[in-house]
Amino acid sequence: MRIKDIAIFNPKGNKPEEYINYIDTSSVEDGKLHEVQTLSREIPSRAQRLIALNDILISSVRPNLRHNYFVNKEIPHGIASTGFIQIRVISSNVNPQFLYYFLTSEQKVLHYQTIAETSQSTFPSFNKDVIEGLDFPNVTLDDQQHIVDILGSIDEKIKNNQEKVDLLLKNLRLQFIVRFTKQELTKSTALSYFITETIGGDWGKETAQGNYSERVVCLRGADIPEIASGKNGDPPTRYILPKNLLTKQLAPWEIIVEISGGSPTQSTGRCALITSEMLSNYSTPIICTNFCRAIRCKNPQFAAYVYSLLIAMYNNNLFFNYENGTTGIKNLDLSSILEKEYVYLPSEDELEFFYRFTSKTYKQIEQHKAENNKLNELKQLYLKKFFG
């Protein structure tokens, strides 16, 4: 029995007229829903998939990024992007969540990616017939539920840990607001006062060749939201020149800022803090891509403060004022931000307190992240056991 015999693909429906709750491929990741956009105008042309409870959404573009989601709760006026392959189970002998786990197992994702890389489209992609033709496992409904219970309990623990991380980050932002944003600028200075230098990135080569011999992990703009929210991201491995590694290798308490990219509704300037705990997760040195820059502050106390300042500026849409570029790709004028933006100059005691608070927060975040890494490894073992 094939998947096309137990489910329908991209079912048709009438789109709500008043407003929609839109889910794009970037809104989800490996079963987690990060964002729902409520839109009443300027609705994207890709907003076509009318979703229902227990629907399965599999991203057809860059499947290795795992932008997949199982709709486990009602989303009124929910619409998903056509970048998803939408699957709706119609057989009473199939548990929809079991099918989701089956379709998102490591073996299947590798299958999608292999096919996607042969496509002629701009980005690696595959069509729904790839999934339609898959054989459904010969597993009873009771056994399907048993597997869902095991994997679902792991997912719930991962979710709880991430909620703790989100709360820690929220408390850090609140601490910054309470201590610094209501201060009078009688004691103020340019952002550049806190900074030693900014460091460019590199992209190098995909494989070792010639003098490109130093293996590194390269953080991209796309990885920044993941890292900033206490996750791992999916940064690629690259090879760069030895001399570039000496000047571009990232160190604790440096800040990565995205300087190219963005969209009409999202500015450039997303940033992430590099910590020693984060660096310890990788066996190779870390750099950033040349679409980002690293800010090196004069000391960790300054770095903790500057990082939260940049987050606040980004959230307040300030960086839109410092963007340029007419080719469709926006560039952030980071130098102007550092020179022209004047901010409150805290006392040494204020900086020391906030640094210690930030440091403690990120140590706790890394503990939760380490536990989630172990849980994800356990989940992959079960997936391999159940689905090969």
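Conventions and cut-offs
Residues numbered from 1 in each chain as written. Predicted model: local features only at pLDDT ≥ 70, side-chain atom pairs only at ≥ 80, totals over all residues. Heavy atoms only, no water. Phe/Tyr/Trp six-rings, centres within 6.5 Å; stacked < 30°, edge-to-face > 60°. Buried < 20%, exposed > 50% of the residue type's maximum accessible area, 1.4 Å probe, protein only. Lys NZ or Arg CZ within 6 Å of the ring centre and 35° of its normal. Pairing = 2+ DSSP bridges. Helix = DSSP H or I, 4+ residues; strand = E, 2+ residues; numbered from the N terminus. Axes fitted to C-alpha atoms, helices over the stretch in contact; angles between N-to-C directions. Salt bridge = Lys/Arg side-chain N within 4 Å of Asp/Glu carboxyl O. Parallel < 35°, antiparallel > 145°, perpendicular 65-115°, else oblique. Contact = heavy atoms within 4.5 Å. Nonpolar A, V, L, I, M, F, W, Y, C, P; charged D, E, K, R; others polar. Left-handed = near helix turned anticlockwise from the far one by under 90°. pLDDT = per-residue confidence, 0-100. Arc of directions from axis to C-beta. Disulfide = S-S within 2.5 Å. Lys, Arg positive; Asp, Glu negative; His and termini not counted. Polar contact = N/O pair within 3.5 Å; in protein donor to acceptor, adjacent residues only side chain to side chain.

Caption draft 1: How the structure looks around the packing of aromatic side chains. Applying the stated rule across the entire model yields 22 aromatic pairs. With centroids separated by 6.4 Å and ring planes inclined at 55°, the aromatic side chains of Tyr314 and Phe319 adopt a geometry described as tilted. Take Phe319: its relative accessible area is 1%, and that puts it in the buried class. An aromatic cluster is present here, built from Phe176, Phe180, Tyr193, Phe194, Phe302, Tyr305, Tyr344 and Phe354 joined pairwise through their rings. Across from the ring centre of Trp203, 4.0 Å away, lies the NZ or CZ of Arg238, which sits over that ring.

Caption draft 2: Representation of the sheet that holds strand 12 (residues 195-200) in the model. A sheet is described by the order of its strands in space; here four strands give the open sequence 12-19-15-17, paired in antiparallel fashion. With one partner strand each, in any of the chains shown, strand 12 and strand 17 (271-273) form the two edges of the open sheet. Along the sheet, successive strands turn relative to each other by an average axial angle of 20°, direction set aside. Two strands pair when backbone bridges link them, and strand 12 and strand 19 (residues 292-297) are joined in this way by five bridges, in the antiparallel orientation.

Caption draft 3: Region of the structure containing the sheet that holds strand 20 (residues 323-324). Pairing is antiparallel across the open sheet formed by three strands, whose spatial order is 16-21-20. The outermost strands of the open sheet, each flanked by one partner alone, are strand 16 (260-261) and strand 20. As paired strands, strand 20 and strand 21 (residues 330-332) are joined by two bridges and run antiparallel to one another. Bridge pairing in strand 21 links Asn324 to Asn331.

Caption draft 4: Up close: the pattern of salt bridges. Using the criterion set out here, one finds 13 salt bridges in the structure. Two residues, Arg296 and Glu254, come together in a salt bridge whose shortest N-O distance is 2.5 Å. Separated by 42 residues along the polypeptide, Arg296 in strand 19 and Glu254 in strand 15 (residues 254-258) bring together distant segments of the chain. Overall, the relative accessible area of 24% leaves Arg296 in the partly exposed class. Residue Glu258 pairs with Arg270 through a salt bridge whose shortest N-O separation is 3.0 Å. Taken together, the positions of Glu258 in strand 15 and Arg270 in the loop between strand 16 and strand 17 put the pair twelve residues apart, joining distant regions of the chain.

Caption draft 5: Geometry of the packing of helix 9 (residues 300-315) against helix 11 (residues 348-387). Orientation of helix 9 relative to helix 11, taken along the N-to-C sense of each, is 75°, at an axis distance of 8 Å. By the angle class used here, helix 9 and helix 11 are roughly perpendicular. In contact with Pro300, Gln301, Phe302, Ala304, Tyr305, Tyr307 and Ser308 of helix 9, helix 11 contributes Leu351, Glu352, Phe354, Tyr355, Thr358 and Tyr362. Here the residues of the contact of helix 9 with helix 11 are counted per class, giving nine nonpolar, three polar and one charged.

Caption draft 6: Structural detail: the packing of helix 5 (residues 141-181) against helix 11. Look at helix 5 against helix 11: their axes get within 10 Å of each other, and the N-to-C directions meet at 165°. In this view, helix 5 runs roughly antiparallel relative to helix 11, as classed from their interaxial angle. The handedness of the crossing between helix 5 and helix 11 comes out as left-handed. Residues of the contact of helix 5 with helix 11, tallied by class, amount to 22 nonpolar, ten polar and seven charged.

Caption draft 7: Local environment of the confidence of the model for the chain. Predicted confidence across the chain gives a mean pLDDT of 93, with 98% of residues reaching 70 or more. When pLDDT is averaged over each element of the chain, strand 10 (residues 84-89) comes out on top at 98 and strand 16 at the bottom at 88.

Caption draft 8: Looking closely at helix 3 (residues 106-116). Where helix 3 is concerned, the buried positions are Lys108, Val109, Tyr112, Gln113 and Ala116. The arc that holds every buried residue of helix 3, seen down its axis, measures 135°, which confines them to one face. Residues of helix 3 that are buried make contact with strand 7 (56-59), helix 2 (96-103) and helix 4 (129-132).

Caption draft 9: Representation of the state of the cysteines. For the structure on display, the rule yields zero disulfides. Lacking any disulfide linkage, Cys218 is separated from the closest cysteine sulfur, that of Cys288, by 6.9 Å. Looking at Cys218, the relative accessible area reads 0%, which means it is buried. A disulfide-free cysteine, Cys288 has its sulfur positioned 5.4 Å from the sulfur of Cys292, the nearest such atom.

Caption draft 10: Region of the structure containing the side chain of Ser59. Along the chain, the position of Ser59 falls in strand 7. Those residues in contact with Ser59 that lie beyond four places of it in its chain are Thr25, His67, Asn68, Gly83, Phe84 and Phe126.

Caption draft 11: Structural context of the side chain of Arg238. As for its position among the elements, Arg238 is in strand 14 (residues 237-240). No salt bridge forms around the buried Arg238; measuring N to O, its nearest opposite-charge neighbour Glu206 is 4.9 Å away. At 2.8 Å, the side chain of Arg238 and the backbone oxygen of Trp203 are in polar contact. In contact with Arg238, other than residues within four places in its own chain, are Trp203, Gly204, Lys205, Glu206, Glu214, Arg215, Val216 and Cys218.

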